[in-house]
Amino acid sequence: MSGRKQKGKAEVRQPGDHDIAGTAMDANRLAGGIAHDLNTILTTIYGYSEMALESLDPSSEAGRSIQKIIEAADRARQLTARLLDLDRKSAEDKQQVKVSDILSDTLRFLMPPARENISLSLKIGSPDLVVEAIPSQLFRVFMNIAVNAFQSMEDGGGSLTVTLDSFIEGEGDKPGKGRTAALISFADTGKGMDEATASAMFEPFFTERGNRGGTGLGMAVVRDIVTEMNGTLKVRSEKGRGTVIDLLIPAMMFGSLPEKS
Amino acid sequence: MAGVMIVEDDAALREMLRDSLEKRKYTVITAADGREAISKFRPSIVDLVITDLLMPEEDGLMVIMKIKEMKPSTRVIAISGGGKAGPGSYLLMASKLGAEHVFSKPFLPSELVQKVKEMLG
């Protein structure tokens, strides 16, 4: 890697970059947010309606009125489901995703399986880096790499340190010289790999786990998703000392997005 | 009677759930966010925790982890509506952390109360 780490320098986006598709996605996300809040309110409406019905004759005037409230809530529930569906479809599209958010979510998810002899730390140098990605796929990339690191430490223990920094790419880097990228590094102190193993680790069905589980597909999926994002992966490993996996993904700073008119 | 802790940042929903459970004679403790839940949790009183997941301060995932540390036998029900990592991801995470049942909003509170009854016997 011939580029350099940099904090706080942003790629400047041009007016018009935020296109109609982006605006529609924002609207869907807003609709999803409103639907989420309405679903909380609907749960309260259902609850008190059910409680009222417990102490009323359902055929009484008051009982019938409560039934009508529940029917209206059912219609609202169908509406919120449609709004959430729009948001859900957007979530499956590529969108601007804050790397630090997904990274934090992933590591929080992994904390409990970390055994007493494994420690985990996250160091975010550039919290505002944004990449174009499908959030669930980025989550899967981070998850698979971290799980792989945990597995390399499951016998002898150790530590996993994850860092996020901005990086200005240099000559020979993908996607190009001078562009901002997110550099995400996973450094473990596990059993490490020899050169042949390290070069094969992203191949489908490659596994060192034998009968201890694992399909050998996790890291192949990582490679495919990162490639799809025009990113690169680099592995540095030493047998008995640990492994560092660097992900470089084209990015921009959140603060550099243009104001919407 | 068994003790239930409700952790929910929406005041109306929190009070409704409290009313539903107190009506069934459960001892109920409420908290408006994760931090309050962790400070109010009493292992000798609380047998089951119902927690929302997306909340200010400490979120519901942290609540589950801390409470399971303090009293591993605590039963947990998670309630939520989504998250940044994709729909369902937070409820999936809650399950992995030890929530035995998850309810996606909106749900029928009578079904939640029935589940509490089954879990606490």
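J.: Got a minute to help me understand the packing of helix α3 (residues 99-110) of chain A against helix α4 (residues 135-152) of chain A in this structure?
T.: Residue and element names in this part refer to chain A. The contact between α3 and α4 brings their axes to 9 Å, and the two run at 45°. Put simply, α3 runs oblique to α4. Every pair of crossing elements has a handedness; the one defined by α3 and α4 is right-handed. In this structure, α3 contributes Ile102, Leu103, Asp105, Thr106, Leu107 and Leu110 to the contact, and α4 contributes Pro135, Leu138, Phe139, Phe142, Met143 and Ala146. Looking at side-chain class alone, the contact of α3 with α4 contains ten nonpolar, one polar and one charged residues.

J.: Looking at this structure, I do not really get the nonpolar core. What am I missing?
T.: Among soluble globular proteins, nonpolar side chains are generally buried collectively. Within the largest apolar cluster, 73 residues are counted, with the highest numbers of intra-cluster contacts made by Val99, Val131, Ala182 and Ile249 of chain A together with Met5 of chain B. Setting aside chain neighbours within four positions, we find Val131 of chain A in contact with Val97, Val99, Ala182, Met229, Ile249, Pro250 and Ala251 of chain A. Leu38, Ile45, Tyr46 and Leu84 of chain A belong to the second largest nonpolar core, which has six residues in total.

J.: Before we go on, may I ask you to explain α3 of chain A in this structure?
T.: Each full turn of the α-helix corresponds to 3.6 residues, which orients residues three or four apart in the same direction. Taking 1.5 Å per residue, twelve residues should reach 16 Å; α3 of chain A reaches 17 Å between its end C-alpha atoms and fits that length. Burial in α3 of chain A covers these residues: Val99, Ser100, Ile102, Leu103, Asp105, Thr106, Phe109 and Leu110 of chain A.

J.: Sorry if this is basic, but what is going on with the sheet that holds strand β2 (residues 27-31) of chain B here?
T.: The pairing of strands in a sheet comes from backbone hydrogen bonds and takes either a parallel or an antiparallel form. All names here are of chain B. Taken in spatial order, the five strands make up an open sheet running β2-β1-β3-β4-β5, and their pairing is parallel. Of all the strands in the sheet, just β2 and β5 (101-104) have a single pairing partner and so form its edges. Across the sheet, the mean angle separating the axes of adjacent strands is 15° when strand polarity is ignored. Where strand β1 (residues 3-7) lies against strand β3 (residues 48-52), four bridges are found, and the strand directions are parallel. Counted as the bridge partner of Val7 is Thr51 from β3. In the packing of helix α3 (residues 60-70) onto the sheet, the strands contacted are β1, β3 and β4 (75-80), and the crossing angle to β3 comes to about 160°.

J.: Before we go on, may I ask you to explain the pairing of β4 of chain B in this structure?
T.: A regular strand places its side chains on the two faces of the sheet in alternate fashion. Residues and elements named next belong to chain B. Most of β4 is tucked away: five of the six residues are buried. In terms of strand pairing, β3 meets β4 through five bridges, oriented parallel. Within β4, the position partnered with Ile50 by the bridge is Ile77. Chirality of the crossover, the property in question, places the unit of β3, α3 and β4 among those that are right-handed. The sheet contact formed by β4 and β5 spans four bridges and is parallel. Residue Ile77 lies in a different strand from β5, and its bridge partner there is His101.

Rules behind the numbers
- Residues numbered from 1 in each chain as written.
- Chains lettered and ligands numbered in written order.
- Predicted model: local features only at pLDDT ≥ 70, side-chain atom pairs only at ≥ 80, totals over all residues.
- Axes fitted to C-alpha atoms, helices over the stretch in contact; angles between N-to-C directions.
- Helix = DSSP H or I, 4+ residues; strand = E, 2+ residues; numbered from the N terminus.
- Parallel < 35°, antiparallel > 145°, perpendicular 65-115°, else oblique.
- Left-handed = near helix turned anticlockwise from the far one by under 90°.
- Contact = placed C-beta atoms within 7 Å.
- Nonpolar A, V, L, I, M, F, W, Y, C, P; charged D, E, K, R; others polar.
- Core = buried A, V, L, I, M, F, W, Y, C linked by C-beta atoms within 7 Å.
- Buried ≥ 20, exposed ≤ 12 C-beta atoms within 10 Å, placed from the backbone.
- Expected span 1.5 Å × (residues − 1).
- Pairing = 2+ DSSP bridges.
- Right-handed = clockwise from strand over helix to strand, strands pointing away.

Any link to function would need more than the numbers given here.
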